[in-house]
Amino acid sequence: MNELHRKKLMDCFEEGQHGVVFVKGAGLMHRYGTDFEFPFRQESQFLYLTGVQEPDYAMLIDLRSGEYHLFAPVRDVQYAVWHGKVSTMEEIQRRYEPDFLHAADRVGEVIGEIGPDRIYVLDEEQAAWLREQGVRGGVSATGEGTGAGAGAGTGAGAGTGTHGRFETTALVDALTDCRLIKTEDEIDKLREAARVNNIAHREVMKALRPGMCEYELKAVFEYHQQKHGLMQPAYSGIHAGGVNSAILHYTDNNAPIRDGELYLIDAGYEFDGYASDVTRTYPAAARFTARQQQVYEAVLEAMERAISGAVPGAKMEDLHLAAARAILEGLADADVVRGDVDDMMEKNVFALFFPHGLGHFLGLDTHDVGGYPKGVDRIDRPGIRFLRARRDLQPGMVVTIEPGCYFIPALLKPALEDKEQRAFLNASLLQEMMEFGGVRIEDNLVITEDGHENLTDVPKTVADIEKLRKVAI
Ligand SMILES: [Mn+2]
């Protein structure tokens, strides 16, 4: 599949130009100044192009010949003693099948032999690293500003990030265009990450008992991911009981979840680099309270409207606003807010309860590349300002849909003092609900020609959740 990715990338560049794409992979990271190694995770652009999940590699594509060069680190005996067997060059060749395999210390020499006019790199840091390898950055005979033709359709023109021979814009733009539309193989990997995540989320849903600590549920979740061979969290999971469920990026995960409280879990692991990102919210008790159910169903309705609208051609901001409206309607039914829903939409009352974006792209990164096309800015409006993706949906895109409704004192208390906003708010009820926490529900969708495929299969209606909880408790 990585060969196809390289082909897609080459197609973004003007044919026949005397340029190379160079990407250096990630090295090991240590905890501050110690020898404690963090688990290795390849940098996503490099992983996309090579499939190499080992540290200290580099790669190059010769755009004129189409040849793929891979640079592998040379390991000594001591490395073998501490890390185990060192692969021979023959083994590495068989594993990754580059056109040319070199020792990593030959990067400068190989680029010197090719003699390109233009070297496309991810950023200035990688250009600096190449200079250290003896690669000259000076403008070559053909001059500056020619030949850079990547990123067609994204507005990235020739020479936008050109510094001598180095070009730092076109490659990232081209990779963004490639990664935005997933191949069938990539979607299969996302399906596998989702399949295991479905299992892990169900197991946590069954395991929760009042009085358990958030970290116990985190342990259950991680056990089931790792039991199925997934080793790498896609992001720091959120395991939040009660009032903590209204903290959008809660990471302490160390409080007890009491009877009568909600528990919100937002977590996923990656399969072969591809992420799953799912959220569910349910009560520690066997059943939702009446009020919890009202808020939950407002979010579920928002979710269903957004999902049904997630088809080719739809705009994420329109889905966001449709979800926001559903939440306000549900809150009006619950008498949390009062007044005309159109007025409330216009006055951004939804942003008090739904202060984050509806969703984002998903792939090698949890918040995957390509959220904003060139020239499209964030919408300067409360709530929707944090929307991570503004594009017309197309087949092959993979998105999360994750509406939420939270009772966040830091937003609600000032709103209750605000002359315009407080007119819409049921102040006495909101005072009672300051410790309610929040509800978020999140699924992962692949946009298809005729709609979408939902990769997430974890109970989300009140009836289905209570059925699973009743069996469990
Ligand atoms: Mn998400």
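Draft legend 1. Spatial organisation of the pairing of strand 18 (residues 451-454). Of the pairings in the sheet, the one linking strand 17 (residues 443-448) to strand 18 comprises four bridges and is antiparallel in character. The residue bridging Val446 from the neighbouring strand is Glu453, located in strand 18. Count of turn residues in the strand 17/strand 18 antiparallel hairpin: two residues.

Draft legend 2. Representation of the packing of aromatic side chains in the model. The final tally for this structure, using the stated rule, is nine aromatic pairs. Here Tyr263 and Tyr282 contribute two aromatic rings whose centre-to-centre distance is 5.6 Å and whose plane-to-plane angle is 75°, an arrangement assigned as edge-to-face. Residue Tyr263 is located in strand 10 (residues 262-267), and its partner Tyr282 is located in strand 13 (residues 278-283); the two are separated by 19 residues in the primary sequence. Across this residue pair, the class does not change: Tyr263 and Tyr282 are buried. In this structure, Arg6 is placed above the aromatic ring of Tyr68, and the distance from its NZ or CZ to the ring centre is 3.6 Å. Taking NZ or CZ as reference, Lys24 lies 5.0 Å from the ring centre of Trp129, over its face.

Draft legend 3. Quick look at helix 6 (residues 124-132). The complete set of buried residues in helix 6 reads Gln126, Ala127 and Leu130. Seen end-on, helix 6 carries its buried residues on one side only, within an arc spanning 105°. Among the exposed residues of helix 6, those pointing more than 90 degrees away from its buried face are Glu125 and Glu132. Where helix 6 is buried, its residues meet strand 1 (19-24), helix 5 (107-114), strand 5 (118-120) and strand 7 (166-167). The residue sitting at the N-terminus of helix 6 and contributing the capping side-chain oxygen is Asp123; that oxygen lies 3.2 Å from the backbone nitrogen of Glu125. Of the residues one or two after helix 6, Gly134 is the one with positive phi, at around 90°.

Draft legend 4. Examining the packing of helix 10 (residues 290-309) against helix 11 (residues 316-333) more closely. As a packed pair, helix 10 and helix 11 sit with axes 8 Å apart at the nearest point and diverge in direction by 155°. Considering the angle they form, helix 10 stands roughly antiparallel to helix 11. At the point where helix 10 passes helix 11, the crossing takes the right-handed sense. Taken together, the residues of helix 11 that come into contact with helix 10 (itself represented by Gln294, Ala298, Val299, Glu301, Ala302, Arg305, Ala306 and Gly309) are Leu319, Ala322, Ala323, Arg325, Ala326, Ile327, Glu329, Gly330, Leu331 and Asp333.

Draft legend 5. View of the pattern of salt bridges. Enumeration according to the criterion identifies 34 salt bridges in this entry. Notably, a salt bridge pairs Arg195 with Glu192, separated by 2.9 Å at the nearest N-O pair. On the criterion of helical spacing, the pair formed by Arg195 and Glu192 is a turn pair, its members being three residues apart in helix 8 (residues 184-207). With a relative accessible area of 41%, Arg195 lands in the partly exposed category. Judged by relative accessible area, Glu192 falls into the partly exposed class, the value being 22%. Residues joined in a network through salt bridges with shared partners are Arg179, Lys182, Asp365 and Asp368.

Draft legend 6. Representation of the pairing of strand 13. Among the six residues that make up strand 13, six are buried, leaving the element largely enclosed by the rest of the structure. Going residue by residue along strand 13, you find Val278, Arg280 and Tyr282 tucked away on one face and Thr279, Thr281 and Pro283 tucked away on the opposite face as well. Relative to strand 13, strand 10 runs antiparallel, the two being bridged by six bridges. Bridge assignment links Ala267 to a residue of strand 13, and that residue is Val278.

Draft legend 7. How the structure looks around the packing of helix 8 against helix 9 (residues 214-227). The geometry of helix 8 relative to helix 9 is characterised by a closest axis approach of 8 Å and an angle of 145° between their N-to-C directions. As helix 8 packs across helix 9, the resulting crossing turns out to be right-handed. Residue-level contacts link Val196, Asn197, Ala200, His201, Glu203, Val204 and Ala207 of helix 8 to Leu217, Val220, Phe221, His224 and Gln225 of helix 9. Grouping the constituent residues of the contact of helix 8 with helix 9 by class yields seven nonpolar, four polar and one charged.

Draft legend 8. Geometry of the coordination of the manganese ion. Looking at the manganese ion, the protein donor atoms are Asp277 (OD), His360 (NE2), Glu402 (OE) and Glu442 (OE), and they sit 2.1 to 2.3 Å from it. One chain supplies every donor for the manganese ion, spaced along it as D-x82-H-x41-E-x39-E. On the criterion of sequence distance, the pair formed by His360 in the loop between helix 13 (350-353) and strand 14 (398-401) and Glu402 in the loop between strand 14 and strand 15 (404-406) is long-range, its members being 42 residues apart. For the residue pair His360 and Glu402, the accessibility class agrees, reading buried in each case.

Parameters at a glance
- Residues numbered from 1 in each chain as written.
- Predicted model: local features only at pLDDT ≥ 70, side-chain atom pairs only at ≥ 80, totals over all residues.
- Heavy atoms only, no water.
- Pairing = 2+ DSSP bridges.
- Helix = DSSP H or I, 4+ residues; strand = E, 2+ residues; numbered from the N terminus.
- Phe/Tyr/Trp six-rings, centres within 6.5 Å; stacked < 30°, edge-to-face > 60°.
- Buried < 20%, exposed > 50% of the residue type's maximum accessible area, 1.4 Å probe, protein only.
- Lys NZ or Arg CZ within 6 Å of the ring centre and 35° of its normal.
- Arc of directions from axis to C-beta.
- Contact = heavy atoms within 4.5 Å.
- Polar contact = N/O pair within 3.5 Å; in protein donor to acceptor, adjacent residues only side chain to side chain.
- Axes fitted to C-alpha atoms, helices over the stretch in contact; angles between N-to-C directions.
- Parallel < 35°, antiparallel > 145°, perpendicular 65-115°, else oblique.
- Left-handed = near helix turned anticlockwise from the far one by under 90°.
- Salt bridge = Lys/Arg side-chain N within 4 Å of Asp/Glu carboxyl O.
- Nonpolar A, V, L, I, M, F, W, Y, C, P; charged D, E, K, R; others polar.
- Donors = N, O, S within 2.8 Å, 3.2 Å for Na, K, Ca; no water.

Geometric values such as these leave the question of function open.
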